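The chain contents come next:
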Amino acid sequence: MSGVLAICEQSAGVWNRMSFETLAAAQQLGRARGWSVAAVVLGQGSAALAAELAGWALERVYNLEHERLATYTSDGYVAALEWLLAQVKPDAVLLPHTYRTRDFAPRLAARAGRALISDVTAFRVEQGELLFERQLFQGRLNAEYSCDSAGPVFVSLQAGAFHGDAVEPGSAAVETLTAPLDDVNIRQSPEEPFRESAGEVDLTAAERIVAVGRGIGEEGNLELVRELAAALGAELAASRPICDNGWLPMQRQVGSSGQTVAPKLYIAVGISGAIQHLVGMKGARIIVAINKDASAPIFEIADYGIAGDLFEVVPALTELLRKA
Ligand SMILES: Cc1cc2nc3c(=O)[nH]c(=O)nc-3n(C[C@H](O)[C@H](O)[C@H](O)COP(=O)(O)OP(=O)(O)OC[C@H]3O[C@@H](n4cnc5c(N)ncnc54)[C@H](O)[C@@H]3O)c2cc1C
């Protein structure tokens, strides 16, 4: 194969949304380089997932199965994918930049004697050279990376850098393969997935987010934004000072030391737009900012800005949404 292989991620038969962003990126890269595009799903009994992938414009879908892939282990994934890569010989391997790929992808790339270019936000071709862009110093600088052509380039993609709904439909042949894992020493034994608390949330998967910042003033006022989030069916998120104060749990913090999110709609309420916050949410499709300071930096990246007092704007907006 001369082409690009997208590694799609699923857990217990449910896609990680970033798999579709990876497929979209793989299709774009395929078009830019004239490469064929294939995808792989790993698991046990994953035929239905592979059949879903076959509905996209891909050359081939690999359904890589083994009972030892029923749950994720880094040893199992690395061995299975190393074996697949030896047969498929892609020029580029794209992965979503998830917690899971952060665990196994560096090792997979190292086993191939290659580097992993991680958390990539864009790529372009210049004078025949393929360049991948990623951020440095908490988003203050963008750097471009190229890779020599002596093997596949491994690239993980930042959440929201590519749009999952841009995947082109089509049809692909599915090839089911049994990964040769019988004799592989798998050192990890996964336990039941655990949830930190009943209210645990995966902000990276949220379609709508209402995020609150220091402008809210005090903890008791959070109810205002909770109501707005409820009226929108949105998840509640926050800037760092809110989580540092213990007003919302850390898992709801967006930014360089929190989550990177890419919802369709992100409403920033009383958030100034510090760079450490922006790097976590600028991939949102539509950004709405509510801030009483019309010169707040958040307005520079907002699609819609409301320069006003959140204590007036938010209840009015909630009321309108409830009526609608
Ligand atoms: C190493 C490091 C990592 C960091 N990581 C993160 C991170 O992951 N996430 C993050 O968010 N920050 C992070 N920060 C902190 C970041 O630099 C900012 O301090 C923080 O984002 C500011 O939060 P804020 O916008 O809520 O508060 P502020 O900057 O204080 O802004 C509050 C805003 O509310 C507005 N406001 C006030 N009252 C009202 C009102 N009544 N109506 C409307 N608007 C009002 C003000 O005009 C102001 O713009 C990090 C900092 C460092 C040094």
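Calculation rules
- Residues numbered from 1 in each chain as written.
- Predicted model: local features only at pLDDT ≥ 70, side-chain atom pairs only at ≥ 80, totals over all residues.
- Heavy atoms only, no water.
- Near = heavy atom within 4 Å.
- Polar contact = N/O pair within 3.5 Å; in protein donor to acceptor, adjacent residues only side chain to side chain.
- Areas by Shrake-Rupley, 256 points an atom, 1.4 Å probe, with all protein chains shown as cover.
- Helix = DSSP H or I, 4+ residues; strand = E, 2+ residues; numbered from the N terminus.
- Buried < 20%, exposed > 50% of the residue type's maximum accessible area, 1.4 Å probe, protein only.
- Contact = heavy atoms within 4.5 Å.
- Salt bridge = Lys/Arg side-chain N within 4 Å of Asp/Glu carboxyl O.
- 1 Å grid on protein atoms, 1.4 Å probe; cavity = no way out; pocket = protein on both sides within 12 Å on 5 of 7 lines; lining within 4 Å.
- Points joined across faces, edges and corners; volume = space filled by probe spheres on them.
- Nonpolar A, V, L, I, M, F, W, Y, C, P; charged D, E, K, R; others polar.
- Axes fitted to C-alpha atoms, helices over the stretch in contact; angles between N-to-C directions.
- Parallel < 35°, antiparallel > 145°, perpendicular 65-115°, else oblique.
- Left-handed = near helix turned anticlockwise from the far one by under 90°.
- Bend = angle between axes of the 7 residues up to and from the residue.
- Pairing = 2+ DSSP bridges.

*Asks:* Would you explain the site of the ligand in this entry?
*Replies:* Around the ligand there are 26 residues in total, and Arg 214, Ser 239, Ser 257, Ser 272 and Asn 291 lie nearest to it. Interatomic distance of 2.8 Å between a side-chain N/O atom of Asn 291 and an oxygen atom of the ligand. Note that a nitrogen atom of the ligand is positioned 2.8 Å from one of the backbone N or O atoms of Leu 310. When the ligand is considered free in solution it has 990 Å² of accessible area, and contact with the protein chains removes 75% of it.

*Asks:* What's the story with the side chain of Ser 156 in this structure? I'm lost.
*Replies:* Topologically, Ser 156 is positioned in strand 10 (residues 153–157). With a relative accessible area of 1%, Ser 156 lands in the buried category. Within the local environment of Ser 156, its side chain forms a polar contact with the side chain of His 97, the two groups lying 2.7 Å apart. Within the local environment of Ser 156, its side chain forms a polar contact with the backbone nitrogen of Asp 119, the two atoms lying 2.9 Å apart. Ignoring sequence-local partners within four residues, the contact set of Ser 156 consists of Leu 95, Pro 96, His 97, Leu 116, Ile 117, Ser 118, Asp 119 and Val 120.

*Asks:* What am I meant to see in the pattern of salt bridges here?
*Replies:* Charged atoms that come close allow side chains of opposite charge to pair. Counted by the stated rule, this structure contains 16 salt bridges. The residue Arg 111 makes a salt bridge to Glu 82 at a minimum N-O spacing of 2.8 Å. Of the two residues, Arg 111 sits in helix 4 (residues 99–111) while Glu 82 sits in helix 3 (residues 74–88), which places them 29 residues apart along the sequence. Relative accessible area serves as the criterion here: at 42%, Arg 111 is assigned to the partly exposed category. Ionic pairing is found between Asp 244 and Arg 240, a salt bridge with its closest N-O pair at 3.3 Å. Of this pair, Asp 244 and Arg 240 both sit in helix 6 (residues 240–244), four residues apart, roughly one helical turn. Arg 240 gets classed as partly exposed once you look at its relative accessible area, which sits at 46%. Because the salt bridges share partners, they merge into one network encompassing Asp 75, Arg 107 and Arg 187.

*Asks:* Explanation requested: empty space enclosed by the protein in the structure shown.
*Replies:* It is the rolling of a water-molecule-sized probe over the atoms that shows where space remains empty. Summed over the entire model, instances satisfying the criterion amount to one cavity of 30 Å³ or more. In this structure, the largest cavity encloses a volume near 60 Å³. Of all the secondary-structure elements, those providing two or more residues to the lining of the largest cavity are strand 1 (3–8), strand 4 (36–43) and helix 4. Broken down by class, the residue content of the lining of the largest cavity amounts to seven nonpolar, two polar and two charged.

*Asks:* Just to check I follow, could you spell out the environment of Cys 147 for this structure?
*Replies:* One can find Cys 147 in the loop between strand 9 (141–145) and strand 10. The partly exposed category is assigned to Cys 147, whose relative accessible area is 29%. Put simply, Cys 147 and Asp 309 are 162 residues apart on the chain and 50 Å apart in space, counted from C-alpha to C-alpha. Each residue touching Cys 147, except ones within four places of it in the same chain, is listed here: Arg 114 and Val 153.

*Asks:* Sorry, what's going on with the packing of helix 5 (residues 222–232) against helix 9 (residues 310–323) here?
*Replies:* Working note: a packed helix pair is described by the angle between its axes plus the distance between those axes. Between helix 5 and helix 9, the least distance of the axes is 9 Å, while the angle of their chain directions is 25°. In terms of axis orientation, helix 5 runs roughly parallel to helix 9. For the pair helix 5 and helix 9, the crossing hand works out as left-handed. From helix 5, Leu 224, Glu 227, Leu 228, Ala 231 and Leu 232 reach across to helix 9, where they touch Leu 310, Phe 311, Val 314, Pro 315, Leu 317, Thr 318, Leu 321 and Arg 322.

*Asks:* I'm lost on helix 4 in this one. Help?
*Replies:* Quick reminder: α-helices carry 3.6 residues per turn. Residues three or four places apart thus point the same way. The sharpest bend along helix 4 comes to roughly 30°, located at Ala 105, with the proline Pro 106 sitting one to four residues further on. Every buried residue of helix 4 is accounted for by Arg 100, Thr 101, Phe 104, Ala 105, Leu 108 and Ala 109. Summarising the contacts, the buried residues of helix 4 are in contact with strand 1, strand 2 (10–11), helix 3, strand 6 (92–96), strand 7 (116–126) and strand 10. Backbone geometry just downstream of helix 4 places Gly 113 in the positive-phi region, at approximately 70°.

*Asks:* What is the right way to look at the pairing of strand 1 in this model?
*Replies:* Sheet faces and side chains relate simply in a regular strand, where the side chains alternate between the two faces. Of all six residues making up strand 1, six are buried, and the element is well covered by its neighbours. Here strand 1 pairs with strand 6 via three bridges, running parallel. Paired with Val 4 across the bridge in strand 6 is Ala 92.

*Asks:* What's the story with the sheet that holds strand 5 (residues 60–65) in this structure? I'm lost.
*Replies:* Hydrogen bonds between backbone groups are what pair the strands of a sheet, and the pairing can be parallel or antiparallel. In spatial order, the strands read 9-8-7-10-6-1-4-5-11; together these nine strands make up an open sheet with mixed pairing. A strand with exactly one partner marks an edge of an open sheet, and here the two such strands are strand 9 and strand 11 (173–178). Between one strand and the next, the sheet's axes are offset by a mean angle of 35°, whatever the strand orientation. Of the pairings in the sheet, the one linking strand 4 to strand 5 comprises six bridges and is parallel in character. Within the sheet, the bridge partner assigned to Val 40 lies in strand 5 and is Tyr 62. Packing against the sheet, helix 1 (residues 18–33) makes contact with strand 1, strand 4, strand 6, strand 7, strand 8 (129–136) and strand 10, and its axis sits at approximately 180° to strand 1. Packed onto the sheet, helix 4 meets strand 1, strand 6, strand 7 and strand 10 and runs at close to 165° relative to strand 6.

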